[in-house]
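Here is what each chain is made of, one letter per residue.
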Amino acid sequence: MNRDNSADEMKLIDAHVHLSDAEYAGHIDELIADAKNAGVTALVTNSVDLKTCLSDLKLAEKYAALVYPALGIHPWNVNVLKENELEQTVDLIEEQKNAVKAIGEIGLDNKYETIWEKQMMVFDKMLRLAEALELPVIIHSRGTTDKIIEMLPSYRLKRVLLHWFSHSISALYKAMDNGYFITEGPPATYSNDIREIIEKVPLTRFLTETDGPVTYWKRPYNGQLTKPSFIRNVVEAVAEIKKMQVDDVAQQTAENFEVFFNIKLN
Ligand SMILES: [Zn+2]
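Structure report, in brief. Per chain, residues are indexed from 1 in the order of the written sequence. The predicted nature of this model means local features are confined to residues of pLDDT at least 70 and side-chain atom pairs, given and counted, to a pLDDT of 80 or more, with totals for whole chains, interfaces and linings taken over all residues. Here the side-chain values reflect all heavy atoms present in the structure, with hydrogen atoms and water set aside.

Here's the deal with the packing of helix H3 (residues 85-95) against helix H4 (residues 116-133)
For step 1, the next point in the chain: Relative orientation of the contacting elements H3 and H4 amounts to 15°, with a least axis distance of 11 Å. With respect to H4, the element H3 is oriented roughly parallel. Once H3 is placed against H4, the crossing between them reads as right-handed. Residues Leu-86, Val-90, Ile-93 and Glu-94 of H3 touch H4, and the partners they reach there are Met-121, Val-122, Lys-125, Met-126, Leu-129 and Leu-133.
For step 2, the next point in the chain: Amino acids outside the nonpolar list (Ala, Val, Leu, Ile, Met, Phe, Trp, Tyr, Cys, Pro) and the charged list (Asp, Glu, Lys, Arg) are all regarded as polar, and Gly is one of them. Per-class residue counts for the contact of H3 with H4 are 8 nonpolar, no polar and 2 charged. Every angle, taken between N-to-C directions, lies between 0 and 180 degrees, and every axis is a line fitted to C-alpha atoms, over only the stretch in contact when it is a helix. Secondary structure elements are defined from DSSP: runs of H or I of at least 4 residues count as helices, runs of E of at least 2 residues count as strands, and each element is numbered from the N terminus. Should an angle fall under 35 degrees it is called roughly parallel, over 145 degrees roughly antiparallel, and 65 to 115 degrees roughly perpendicular, with every other angle called oblique. The crossing is said to be left-handed when, going from far helix to near helix, the turn is anticlockwise and less than a right angle, and right-handed when the turn is clockwise. In what follows, residue pairs with any heavy atoms lying within 4.5 Å of each other are defined as contacts.

Here is the structure:
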């Protein structure tokens, strides 16, 4: 690898990806090699149900000191939970508490109103688990950001990350007042709304993500399979928006990763 270029020394972070998603099956070794080559030094793989919790734990073991597991039940999955799956997931997380780095991806989604009560029940259970195990939480809040920001102070949570933050600037300020972190991903290169949030968020509360395998259709991604190496595009976009050096953005996000997840990077 060419070490003359200082960009090769950058530590890039994918704080929110779904490596156990079926779309990535059979591509993991290749994705990891590509990520390493691009300077990605940490990936937080987020589970969505019991099956992906088990698979994410295995990936974290296989790619130790690179892949870290966030375990939980996604709001989209609450309606397809098998009998006892919620209890079994909670038991697994408790058993594996030393390996688990966060509870995620959990949250509420207002596009799935018919299962609202079930979403609330599972979300509450996951937040209680995070409290008990003193783990940070990674939250999905589509259409529910205000509600979630209002709810969370009644839980004793270590740290909170609102992933793909896309709500109002006033909600962003409330989240910042509460001490929360946010992540943004590939839309940083093309979405004016996301770029405005990046402009306003203090960089010390910001982390980068891909949320892969979500597909990004706009330039420069053009619908190709989302890879953790896209983080480089995100960091470059953030540097442009904040009028900073790319290296400085990477350095700060790496520090934020260590603070948020309580993990020392290699
Ligand atoms: Zn996600």
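Quick look at the pairing of strand E1 (residues 12-17)
For step 1, the next point in the chain: Only protein chains enter the area calculation, which uses a 1.4 Å probe; residues under 20% of their type maximum are buried, those over 50% are exposed, and those in between are partly exposed. Here E1 lies mainly inside the structure; 6 of its 6 residues are buried.
For step 2, the next point in the chain: Pairing between strands requires that DSSP locate at least two bridges from one strand to the other. With 4 bridges connecting them, E1 and strand E2 (residues 40-46) associate as parallel partners. Bridge pairing links Leu-12 to Val-40 in E2.
For step 3, the next point in the chain: Throughout, right-handed denotes a crossover for which the path from the first strand over the helix to the second runs clockwise when the strands point away from the viewer. As for the winding sense of the linkage, the β-α-β connection from E1 through helix H1 (residues 28-37) to E2 is right-handed.

Considering the environment of Asp-14
For step 1, the next point in the chain: Relative to the helices and strands, Asp-14 resides in strand E1.
For step 2, the next point in the chain: With a relative accessible area of 0%, Asp-14 lands in the buried category.
For step 3, the next point in the chain: Considered as a pair, Asp-14 and Thr-208 are 194 residues apart in the sequence and their alpha carbons are 5.7 Å apart.
For step 4, the next point in the chain: Leaving out residues up to four positions away in the same chain, Asp-14 has contacts with Val-40, Ala-42, Leu-43, Val-44, Thr-208, Glu-209, Thr-210, Asp-211, Pro-228 and Ile-231.
For step 5, the next point in the chain: Polar contact is defined as a pair of N or O atoms within 3.5 Å, subject to the rule that within protein one atom must be able to donate a hydrogen and the other to accept it, and that residues adjacent in sequence are counted only when both atoms are side-chain atoms. Side chain to side chain, Asp-14 and Thr-210 meet in a polar contact 2.6 Å long.

Examining the sheet that holds strand E3 (residues 67-71)
For step 1, the next point in the chain: Pairing is parallel in the open sheet, where 8 strands are placed in the order E1-E2-E3-E4-E5-E6-E7-E8. The open sheet terminates on both sides in strands that have one partner only, identified here as E1 and strand E8 (206-208). Pairwise comparison of adjacent strand axes, ignoring direction, gives a mean angle of 25° for this sheet.
For step 2, the next point in the chain: Relative to strand E6 (residues 160-162), strand E5 (residues 137-140) runs parallel, the two being bridged by 3 bridges. What sits directly across from Ile-138, in E6, is Leu-161.
For step 3, the next point in the chain: Relative to the sheet, helix H8 (residues 231-242) contacts E1, E2, strand E7 (181-184) and E8, its axis offset from that of E1 by approximately 110°.

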